[in-house]
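Listed below, chain by chain, are the residues.
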Amino acid sequence: MSLSRRQVTSAAFAAVPLGLAATGTAQASGSRRTRTLYIAGDSTAAQKYAAAAPETGWGMAIPFFLRKGLAVANHAVNGRSSKSFVDEGRLDVVLGAIRPGDFLLIQFAHNDEKAEDPTRYTEPWTTYQDHLRLYVEGARARGARPVLATPVERRRFDTGGKALPTHGEYPAAMRALAEQERVALLDLQALSLALWQELGVEGTKTYFNWTATEQDNTHFNPPGAIAVARLVARELLRTRVLAPQDVRRLDQVIPESWITWPQAAA
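Since we're looking at a predicted model, the values are computed, not measured.

### Re helix α6 (residues 170-181)
Quick reminder: α-helices carry 3.6 residues per turn. Residues three or four places apart thus point the same way.
Consideration 1: The terminal C-alpha atoms of α6, which comprises 12 residues, lie 16 Å apart, in line with the 16 Å expected from a rise of 1.5 Å per residue.
Consideration 2: Residues of α6 that are buried include every one of Y170, P171, A173, M174, L177 and A178, and no others. Across the axial projection of α6, the buried residues extend over an arc of 160°, all falling on one side. Among the exposed residues of α6, those oriented more than 90 degrees off its buried face are E179 and Q180.
Consideration 3: Buried positions along α6 lie against β3 (103-107), α5 (124-141), β4 (145-149), β5 (184-186) and α7 (188-203).

### Describing the pairing of strand β7 (residues 215-220)
Consideration 1: Here strand β6 (residues 208-210) runs beside β7; their pairing, made up of two bridges, is antiparallel. Paired with W210 across the strands is Q215, a residue of β7.
Consideration 2: Taken together, β6 and the strand that follows it, β7, pair antiparallel across an intervening segment of four residues.

### Points about the environment of V152
Consideration 1: Within the secondary structure layout, V152 lies in the loop between β4 and α6.
Consideration 2: Residues in contact with V152, not counting those within four places in the same chain, are T44, Q107, H110, H167, L188, S192, W196, F220 and V228.

### Quick notes on the side chain of E55
Consideration 1: Mapped onto the secondary structure, E55 falls in the loop between β1 (35-41) and β2 (70-74).
Consideration 2: Setting aside residues no more than four positions away along its own chain, E55 makes contact with K48, N209, D216, H219, F220 and W261.

### Describing the pairing of β1
Consideration 1: A large share of β1 lies buried, amounting to six of its seven residues.
Consideration 2: Two elements, β1 and β2, share five bridges in a ladder whose sense is parallel. Residue pairing for β2: T36 is matched across the bridge by A71.
Consideration 3: Bridge count between β1 and β3: five bridges; the pairing is parallel.

How each quantity is defined
Residues numbered from 1 in each chain as written. Predicted model: local features only at pLDDT ≥ 70, side-chain atom pairs only at ≥ 80, totals over all residues. Heavy atoms only, no water. Helix = DSSP H or I, 4+ residues; strand = E, 2+ residues; numbered from the N terminus. Expected span 1.5 Å × (residues − 1). Buried < 20%, exposed > 50% of the residue type's maximum accessible area, 1.4 Å probe, protein only. Arc of directions from axis to C-beta. Contact = heavy atoms within 4.5 Å. Pairing = 2+ DSSP bridges.

None of this, on its own, says anything about what the molecule does.
Structure, rendered in structure tokens:
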């Protein structure tokens, strides 16, 4: 489906949390500009709305781990790949808003893997890396800092209970690109795989969107989104993208009740 630039812009605005809108008001009043963490990614990170509850993107939980004054603009959208996000003009929207001192966190691969869909498919060592460079170079050209995040893992185990990787060569291709371009890397694939192994076959069901009517091994519920967001925050600190004063609650329990699903814009 092709979208007009106006539709993309409207969708992007709808995805921005209320806290960011409030930040804009503060900026207009002349206070010091707040830095913003922009997220470009797919459904595992995206904002979810009331009709999708309890499905939860980790981007909905990341603000709980960041200090007040560090805003989050979550532009991740269900079903997008590094290619389709660009082709739909969504990266243009992000780059049109991002400012010096901001951050652009980039997480794709789930949909890049879909070889049957030419609108989304990328090859790990060529077109996937080529598209990721557009995000990296675009952020840097605007004085913002790009951050690459390998795709968070799906829930998949072998018969012996070993957590299995599902993303093929994409994580390795992103790691290589991060090293080549000297970009901070959050290795969510490795970290989430280790977490799923620790939780085990049954324990992971409480982190994914398993309901009475659905057994979803890709998307998270509130506990899963909070757990992955905690990994993200810790990695942002470990890689020195953020300073210790920029993060909070890394070892505290985050109540599930803090997750809310707004009504989708008409």
